[in-house]
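# Summary of the model geometry
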Amino acid sequence: MDYDVVVIGAGNGGLTAACSLAQRGVKTLLLERHNVPGGCATSFCRGRFEFEVALHQLSGLGPAEKPGPLRHTLSKLGVVDQLEWVEMDNLYRLLVRDDLDITLKADREAAIQTLQERFPAEKDNITAYFDLVYQFCIELITIYSSRDPEATPEKYPAYFEYALMDTQKVLDKFFTDPLLKLAVSIYWGYTGLPPAKQPFSDMAMLLFSYLELKPYHLKGGSQALSAAILEKFLQSGGEVRFNCGASKILVEDGRVTGVVTEHGETISTSYIISNASTISVYTEMIEPEHVPAEQLKKLGGSTIGPSSITLYIGLDCEPQEIGINETTNFLCASTDMEDAFTACWEIESHNDYTLVSCYNISDPDISPPGTSQVCIVDLKYGESWLNIPPHQYFELKEKVAGQILDRVEHYFPGFREHIEEIEVATPITHMRFLGTPGGAIYGFDQYAKDNNMFTPPRALIKGLYFAGAWAGMGGFQPTLTSGTTAARQVLKDIKRQAGVEI
Amino acid sequence: MSISEMQKMINGHARIAEELEICRKYGIDYYSQRGKWTQAVEKYHPRRLELRVSEKFAENADTTTLRLVSTSGYFPPFRAGQYINLFVEIDGICTSRPYSISSSPAQNAYYDLTIRRVPNGFVSDYLLDEIKVGDVLASTGPAGHFYYSSIHHGNELVFLAGGSGITPLMSMIREVTDRNLHRNIHLIYGVRKPQEAIFHEELLIRAQRHSNFIYDLAVSEPEPGYEGITGFIDADLIKKQIGDVSGKTFFVCGPREMYSFCIPELEKMGVPGRRIRREVFGTPAEVTKEPAWPKEVKADAEFTVKLTRGQVINARADEPLLTALERAGIVVENCCRSGECSLCRVKLQSGKVFQPSTALVRKSDQQSGYVHSCAAYPLTDLEILL
Ligand SMILES: Cc1cc2nc3c(=O)[nH]c(=O)nc-3n(C[C@H](O)[C@H](O)[C@@H](O)COP(=O)(O)OP(=O)(O)OC[C@H]3O[C@@H](n4cnc5c(N)ncnc54)[C@H](O)[C@@H]3O)c2cc1C
Ligand SMILES: Cc1cc2nc3c(=O)[nH]c(=O)nc-3n(C[C@H](O)[C@H](O)[C@H](O)COP(=O)(O)OP(=O)(O)OC[C@H]3O[C@@H](n4cnc5c(N)ncnc54)[C@H](O)[C@@H]3O)c2cc1C
Ligand code: FES
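Treat the numbers as computed from the prediction; the structure is a model and nothing was measured. The written sequence of each chain sets the order in which its residues are numbered from 1. Note on labels: chains are lettered from A, ligands numbered from 1, in written order. Given that this is a predicted model, residues contribute local features only at a pLDDT of at least 70 and side-chain atom pairs are listed and counted only at 80 or more, while totals for whole chains, interfaces and linings are drawn from all residues. Values shown for side chains rest on all heavy atoms present in the structure; no hydrogens or waters enter the calculation.

### A closer look at the overall build of chain A
Numbering of helices and strands starts at the N terminus; helices are DSSP runs of H or I of at least 4 residues and strands are runs of E of at least 2. The helix and strand inventory of chain A stands at 16 helices and 18 strands. Values of the radius of gyration come from C-alpha atoms, whereas the globule rule sets the reference at 2.2 Å times the count of residues to the power 0.38. Its C-alpha radius of gyration of 23 Å places chain A within 12% of the 23 Å reference for a compact globule of 502 residues. Here the C-alpha coordinates of chain A stretch approximately 70 × 60 × 45 Å along the principal axes. Buried residues are those whose accessible area, probed at 1.4 Å on protein chains only, stays under 20% of the maximum for their type, while exposed residues exceed 50% and partly exposed ones sit between those limits. For chain A, buried positions account for 64% of its 502 residues. Any pair of residues with heavy atoms lying within 4.5 Å of one another is described as a contacting pair. Here the analysis covers contacts within chain A between residues at least 6 apart in sequence; of these, 73% occur between residues at least 24 apart. In the form shown here, chain A has an accessible surface area of approximately 17800 Å², with 51% of it arising from carbon and sulfur atoms. Charged residues are defined here as Lys and Arg on the positive side and Asp and Glu on the negative side; His and the ends of the chain fall outside this count. Note on charges: their place is set at NZ of Lys, CZ of Arg, CG of Asp or CD of Glu. Once the 41 positive and 65 negative side-chain charges of chain A are each reduced to a mean point, those two points are 6 Å apart. Residue-level accessible areas treat just the shown protein chains as cover; the underlying method is Shrake-Rupley with a 1.4 Å probe.

### A few points about the pairing of strand β15 (residues 345-350) of chain B
It is a general feature of regular strands that their side chains alternate between the two faces of the sheet. Residues and elements named next belong to chain B. Strands are treated as partners if at least two bridges between them are detected by DSSP. Sheet topology places β15 next to strand β17 (residues 370-372); 3 bridges connect them, and they run antiparallel. If you follow R345 over to β17, its bridge partner there is H372. Pairing between β15 and strand β19 (residues 382-385): 3 bridges, direction antiparallel. Paired with K347 across the bridge in β19 is L385.

### Examining the site of ligand 1
For this description, a residue counts as near a given molecule or strand if any of its non-hydrogen atoms is within 4 Å of it. Neighbouring ligand 1 are 18 residues; R46(A), Y393(A), K397(A), T429(A) and H45(B) lie closest to it. Surrounding ligand 1 is a set of residues that belongs to chains A and B. One of the side-chain N or O atoms of R46(A) is found 2.3 Å from an oxygen atom in ligand 1. Any pair of N or O atoms that falls within 3.5 Å is considered a polar contact. Within protein, one atom must be able to donate a hydrogen and the other to accept it, and sequence-neighbouring residues count only if both atoms are side-chain atoms. Taking E423(A), its side chain carries an N or O atom lying 2.8 Å from an oxygen atom of ligand 1. Of all the elements in the fold, those that place two or more residues in the shell around ligand 1 are β3 (43-46), α14 (393-411), β17 (419-425) and α15 (427-434) of chain A. Amino acids outside the nonpolar list (Ala, Val, Leu, Ile, Met, Phe, Trp, Tyr, Cys, Pro) and the charged list (Asp, Glu, Lys, Arg) are all regarded as polar, and Gly is one of them. Considering only residue class, the shell around ligand 1 consists of 8 nonpolar, 6 polar and 4 charged. Here the bounds of each domain stem from an automatic or database domain assignment. Both domain 1 (5-46 + 54-82 + 219-302 + 442-498) and domain 3 (306-437) of chain A contribute no fewer than three residues apiece to the shell around ligand 1.

### Side note on the packing of helix α4 (residues 123-145) of chain A against helix α6 (residues 167-174) of chain A
All names here are of chain A. Axes here mean lines fitted to C-alpha atoms, for a helix over just the part in contact, with angles spanning 0 to 180 degrees between N-to-C directions. Taken N-terminus to C-terminus, the directions of α4 and α6 make an angle of 145°; their axes are 10 Å apart at the nearest point. In contact with N125, A128, Y129 and L132 of α4, α6 contributes V170, L171 and F174. In terms of residue class, the contact of α4 with α6 is made up of 6 nonpolar, 1 polar and no charged.

So, to be careful, I would describe these as geometric facts and stop short of saying anything about function.
Structure (structure tokens):
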């Protein structure tokens, strides 16, 4: 065998998978079709700005004195200490037309207090809701981290009652004011489905983890993290090839035997961890006769998640000058979250919820003095972009960007006048750079049925593993973690095979 | 109790398991959709274009336009101002050069490249002298960020062109005038001698026909008695031709020296940076004359470059690493050849290179030793990861 393991794709999941393996002495090759590591977790330069592509608020890290699960994962890879982490004080500022302007601190008590001041009529319900979120998450963590063999509904009532309930039902149970419901659940944009479609466990864990462990960014952006993991991988003897996509995965008798690169080179290996989507792997990379029908059927049960319209903007003024005082801002045209979700299927941007991140608030070094870096995201499914006439693409893209900027201008007057650089990425752009079906940024839609509980990423083909958004959930913490999980499974199998041979 | 048994006790578990079964039973046939996303991207960003020279015509004594049609019949859309990187094989060496598309994106039947002869130019000579109608060439898809954006450039545009820098601006002028777009363009085209001006006749005609397009030719080395505008494009000349600069967006394209001269002039006049767009810098004609060049390294100094698989090649101090690699027959992706698009990135394992200040290298790349090989000149023997 040329390599023990070949990892396809150097996104978050691929990087942590490759790095964990190399650090355990496994002979690992990492293949990446782009010329930089990171996938979404990267940056690019325009004029005097270096734009962060994807990272807005890192979850799960936690301060050094109160480490979260992600800090443990990254510490094991040896990349935590050399990176400079930037802690954010606030969760977000939420602006709903002229009806609501609220900023929540990344602190349970403070957040509760702010909400209670704004929604005095629902004071007690607010406390009760946060109590539930906390109780639920602590139960969940206890069950899964301590592997409690006697986990029962009597012992863990919140978990068994709410884990698979949709978030909307829980919100309706606790609150009446639609503004309040929105104010505690706007983070749904970070997983892609609105509360009526999202399992409560996703919502609760998101809120809990940001409140308890704080949102983070890091100096140099997500690219600094990708670069650090890649460096560790190389230092541990790993090999990487950029501009070298994998085009085929070779399978014999139900077992992985190798991979063929886009340049036509065949590389033999018994294990592949794919950071490329399950859809590409099963429908394009493996010869159809080697793909079990059962596998395709499983695949067909999940739908492709959203992509986005992303605006990368460099302003020639300080953020405060135009009223941007928070790193994370959500702009909502109404409290109708289902409506906002429907808008994700439309090309144009009318009722979308818009995320406006300005990194300078928490990290003044992110752009040159006197400037600001702003990243604006509207979730959009890629499907609608597939069939537009190509000659209308540029016009359409500027039109949509213009619609988004009109809304931004409403909340931050003077914004447009200060634009020095702007890049607009559409789902087509994300398809191009990430190579994902539909340009999806979070993998599959995360309905309850798509949870690992029902849909584990296990492959029927031996030696084939997955890491990244398509192997579970999208987002930084889940994908970074999924790589080390996949690496652990591969190692276990390598050891088992060796044991059998002896 | 196993985890899956435990999970079955969760409220709603059976209902969701059933839902999943139904979703799978009537599931999506991803197999039948395979390739559709790649195909969508290919419409905009084909990896390579195959182009046939359909016409070749002289614009003036040292400039020729190649009219290229797509052998597949399909051309991706482009934005007026973008370029393609054209691949050539000359004397066994595979290399490439970026050329702006000078034709209008309002039509998609051909791309025009307007190429000016560069003294001793490796590729421009070849394109002008060797390439014939009917020849087939390969290129990248359209690339680059020197284009008009309706989002923030406004409707009052001033174009400052030097020499062959007129080409991307010509595409924009053709687009605006052909499609009657509501934008005003004032072009100041700087040349040494009037006969060097490319597209002169066409520019005059377009200016005559379209009230939203003004054309000024500025000649820096006029013959005695020349009656037009003379001098370099400096603050005074701009003020005289344009008047008030406020609210106007400037597009500057020309040789490297033009940027270092014109942009400070604009800044002197109070034009904010956000209203000045420039094309990429290209490569320095003589890198050893760059201010930061270490004097102890002579232009003709030769070094060795060791590659990952043990191969060793030679490289001159005054040539970009990319050129040395190409001379040795090694293919590295590249596009802008100006240090700005990052496509030619390679990792330096040991040794030192000179990088012109105009190279746009990301912080993390600088920290972990990545360089843009088209804008990295060897100062010592090198080892690279490739
Ligand atoms: C994830 C990602 C990584 C990229 N990495 C690089 C890089 O390392 N170097 C580089 O020069 N260009 C990078 N790009 C941009 C790309 O190289 C091209 O510049 C661009 O030509 C795409 O063509 P387009 O305008 O038709 O595509 P469109 O779909 O119209 O792209 C929109 C424009 O937005 C910019 N853009 C939007 N999103 C991103 C983003 N997330 N990252 C970077 N650019 C974005 C692109 O530059 C492009 O010009 C990257 C884009 C993406 C999405
Ligand atoms: C975005 C972009 C768009 C462009 N658009 C156009 C266009 O529309 N029309 C056009 O005519 N040109 C255009 N150019 C310039 C074009 O790409 C070529 O640089 C030009 O044609 C010269 O190439 P060459 O191979 O003939 O010259 P080269 O062989 O590269 O030589 C150019 C000059 O540099 C000297 N030289 C040669 N090799 C080196 C070296 N290795 N190091 C230092 N000096 C050297 C030569 O003596 C000569 O004087 C564009 C460039 C860019 C970056
Ligand atoms: S080719 Fe664009 S940076 Fe080198």
